[in-house]
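Structural overview
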Amino acid sequence: MEALERFTEELTGQPQTGDDLAAQEKARKDALFDAIMDEELARINADAAASEAPVEAPEVKFGQTAAAVPAAPAVPAEAPVQTAEKKAEKKAEKKAEKKAEKSAGKQADKGAEKKEEAKKPKGKKAKMKKGEQETGPLPAIPAAELQSAKAQQTKNGPEPVDEMAKKKKKKRAMTALYAVLAVILVLAIAAAGLFVLDGGIIVDNLYVAGVPVGGLTKAAAVEKVNAATNDVYQSSDLTVQLPDDTLVIPPDVSNVHLDVERAVDEAWNYGRVMGLVKVPGITKVPEEPVEIDLSECFTYNQDAVRDLIDRKADEVFAELKQTQIRFEERIEKDADGTQTPEEEETEDEDEEGEEASETVPHRRFMLISKGEHSRSLDSDALSAEVSRALVAADFNPIEFQFTEAQPDLPDFQKVFDENCKKPVNAAYNQETSTLEKEIPGYGFDVEEVQKQFDAAKEGEQLEIAFVELEPEVTVNDLQEYLFKDELASYDSPHTAIYNRTVNLELACEQIDGTIINDGEVFSFNRVVGERTAARGFREAQVYVSGDTVDELGGGCCQVASTIYLCALLADLEIVERSCHYFEVSYVPLGMDATIYWGALDFQFRNNTGYPIRIDASVSDGYVHIALWGTETKNYTIKMTYDVTSRTADGTSVISYKHKIDADGNEISVEREASSYYHTHKPKEEEKPEEEKKPDEDNPEEKPPEPEPQPEPQPEPQPEPQPEPQPEPEPEPQPEPEPQPEPEPEPQPDPNVEIEVP
């Protein structure tokens, strides 16, 4: 607005007045302005057309800044207007007239000014606009002056005032103002480095179909792009490189056409159009290279190219195929290739009455058809990539991948579990104290089949024959592992009496292989059971109430006594033991054990920390007993006895347990048991009451429990002694020494838990 006021001030030659004299001064100013304008319009009325000719802007070259542009002339050189000298003279005359009018009207206006001053507040001066203090209010235009101007017009003839010329004059003034503001704006923007003055050429950093066109005119750009693209589009193949194939698009198929002139027009307009408005005279240069979008001026035979791509897609397509697994039974053939004639099942009965089936041998096979992955070509995506390359004239090979899906991988472990039989390892059953035999399986090696499958090609057929699978742990393995150490053994001699030998063999058969878990108690009666005729036991001599009689199972006490001696040598815990009524000859004194069904039993506890197995047999005139397990002690046991008294009624014996270290030194000696044996006398000399009395001289002696008399009822029979004594008194037996134990080998820590494989 200030610029407009200054512009008006220049036109009128008078400064603006203050607000307090606005109305008065405006009237004078308007009257003077109209008079001057009428006079000026009268002078230029004849040459109005020439004076209204537009002023042309000077040419600006590309890259030239606005500061270097020369200013356009304000008035055309041939315009019929007054010169600068005439204007100066006229201006001087007007000043003189204004001065006279001011002097004449000074007095008249004085009173009005005083009245106005009186209205203002004291101590404050009225504010005046620029130039008001120097010039004062404009004088009124005398009527004589106006009449003179009109008379002059009449003298020269009627000269019309063109209202359109007046409006155009004012419009030119406003246009000049806007031009000044635009120049200021352009200079400011150019100073910021964002724009440059339009040089009539394409701005830098622009490319058409990969061809740089910045700094060129339209014609030069069209020529350059045509030269670069025509040869390329007409002679170059576009190659698509697939994973295992190649697609070639020749130029006669793509049939590319580029409207180069339209593309160059797009480039020329770039930087000149700011949004939706084209700013004349300036351009914007992009900071980064710009490829002109040719989608609107580029065409090619899309149908032919797409048809070529679709045909390649059909050619490379592969359907997904999952891995197939099936099973097949085949009959075994003889060595000469002929089929075994027997094909029907036959059933027989084994010795125990169980049915056993026999069939023609079969073998089972697993047939595997390895899956195949799917493959497809995304025609839409490849078409878009081809279009991009053609538009950019980029004929470098296009790397393009298939869309693939892999078949599911088979779980051969699951297949095995569902269709095969795993081998069962031998195991030790603590509940039954037995070793459970291993059971072979059948099927295939999972790891080996997985390797063959991984190495096979897609679609390949694999044939896997089922085989027998051996267990990793057998009974022999457990025997060697759990019962690798002989803890103790003893061989006791027996007489060649047939019935007694049969009883020894039956008892050993029941005991042989018996396993006693750690902490469990071995019971002779529980393992051997009742000695009855139905079970094969026979009558042999036994001691009953100081007499020798024949009963079923006679002689079994020798087996119990031999096991007792082995338990002592193995340093096991004795739970129950009783000595015989009379002395026996097959084990040392004090180291025998008598048993009787329903009355007397022999028991010991396994305290080794590992299972113990009892091996029992009869051969070559001996009863063989051996205890097998895991040796945990670092010493051996030596058994001795001492006859503390010998009278006509009987003999008192104390047995001792000696612990010997690896160097043969005695670690300790412990009293093991006290035994009392009666003297064998003829029946008429026997004193029944003495048989039941303990030895008074040996209070620590444990008297044998009374043996029951045989009953005619079918009750358990007492065991006879192996050798009847014909003499009234048996001869004292020499004191035998227990068999020496071998030096112990380093044994495993008993606290370490054994893991059975």
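Our subject is the structure that appears above.
Residues numbered from 1 in each chain as written. Predicted model: local features only at pLDDT ≥ 70, side-chain atom pairs only at ≥ 80, totals over all residues. Heavy atoms only, no water.

Comments concerning the pattern of salt bridges
This is how it is decided: By definition here, a salt bridge exists when the distance from a side-chain nitrogen of Lys or Arg to a carboxyl oxygen of Asp or Glu is within 4 Å. Relative accessibility decides the category of a residue: with a 1.4 Å probe and only protein chains considered, values under 20% of the type maximum give buried, values over 50% give exposed, and everything between is partly exposed.
Under the definition given, this model contains 23 salt bridges. R613 is the partner of D615 in a salt bridge, and the nearest nitrogen-oxygen pair spans 2.9 Å. Relative accessible area serves as the criterion here: at 10%, R613 is assigned to the buried category. Among the salt bridges present, the one from K657 reaches E672, with a minimum N-O distance of 3.5 Å.

Quick notes on the packing of aromatic side chains
By convention here, two paired aromatic rings are described through the distance between centres and the angle between planes. The condition that has to hold: Note on ring pairs: Phe, Tyr and Trp rings are taken, using the six-membered ring of Trp, and paired if centres are within 6.5 Å. Classes follow the plane angle, with under 30 degrees stacked, over 60 edge-to-face and the rest tilted. Secondary structure counts use DSSP, requiring at least four H or I residues in a row for a helix and at least two E residues in a row for a strand, with both numbered from the N terminus. Placement of a positive charge over a ring is assigned whenever Lys NZ or Arg CZ falls within 6 Å of the ring centre and within 35 degrees of the normal to the ring plane.
Tallied over the full model, the rule gives 10 aromatic pairs. Where F412 meets F453, the ring centres are 5.5 Å apart and the plane angle is 70°; that geometry is what we call edge-to-face. A residue pair is termed long-range when its members are at least 10 positions apart, and F412 in helix 14 (residues 412–419) and F453 in helix 15 (residues 446–455) qualify at 41 residues. The exposure class assigned to F412 is buried, which follows from its relative accessible area of 1%. Relative to F604, the ring of F602 lies with its centre 6.2 Å away and its plane at 40°, an arrangement referred to as tilted. One exposure class covers both F602 and F604, and it is buried. A cation sits over an aromatic face here: R364 above F327, 4.8 Å from the ring centre.

With respect to the packing of helix 12 (residues 302–316) against helix 13 (residues 379–391)
Here is the rule: A fitted line through C-alpha atoms represents every axis, and for helices the fit uses only the stretch in contact; the resulting angles, taken between N-to-C directions, go from 0 to 180 degrees. By definition in this entry, angles of less than 35 degrees are roughly parallel, angles greater than 145 are roughly antiparallel, angles of 65 to 115 are roughly perpendicular, and the rest are oblique. When the near helix sits turned anticlockwise from the far one by under a right angle, the crossing is termed left-handed; a clockwise turn instead gives a right-handed crossing. Any two residues having at least one pair of non-hydrogen atoms within 4.5 Å are treated as being in contact. Three classes are used, and their members are as follows: Ala, Val, Leu, Ile, Met, Phe, Trp, Tyr, Cys and Pro are nonpolar, Asp, Glu, Lys and Arg are charged, and the others, Gly among them, are polar.
The geometry of helix 12 relative to helix 13 is characterised by a closest axis approach of 10 Å and an angle of 140° between their N-to-C directions. On the basis of the axis angle, helix 12 is oblique to helix 13. The interaxial crossing formed by helix 12 with helix 13 has right-handed handedness. Each of V305, R306, I309, D310 and A313 in helix 12 lies in contact with helix 13, whose residues at this interface are S379, D380, L382, S383 and V386. Its residues placed into classes, the contact of helix 12 with helix 13 shows five nonpolar, two polar and three charged.

Section: the nonpolar core
Convention followed: Buried Ala, Val, Leu, Ile, Met, Phe, Trp, Tyr and Cys residues form a nonpolar core when they are joined through side-chain atoms within 4.5 Å.
Among the nonpolar cores identified, the biggest contains 51 residues, and F524, V559, F602 and F604 are the most heavily contacted of them. Going through the elements one at a time, strand 24 (485–493), helix 17 (498–511), helix 18 (524–528), helix 19 (556–569), strand 31 (612–619), strand 32 (622–629), strand 33 (636–646) and strand 35 (666–678) are the ones with two or more residues in this core. By residue number, the principal contributor to this core is helix 19, which donates 11 residues. When sequence neighbours within four positions are dropped, the list of residues in contact with F604 reads I516, E520, V521, F522, I563, A567, L572, E573, I574, V575 and I614.

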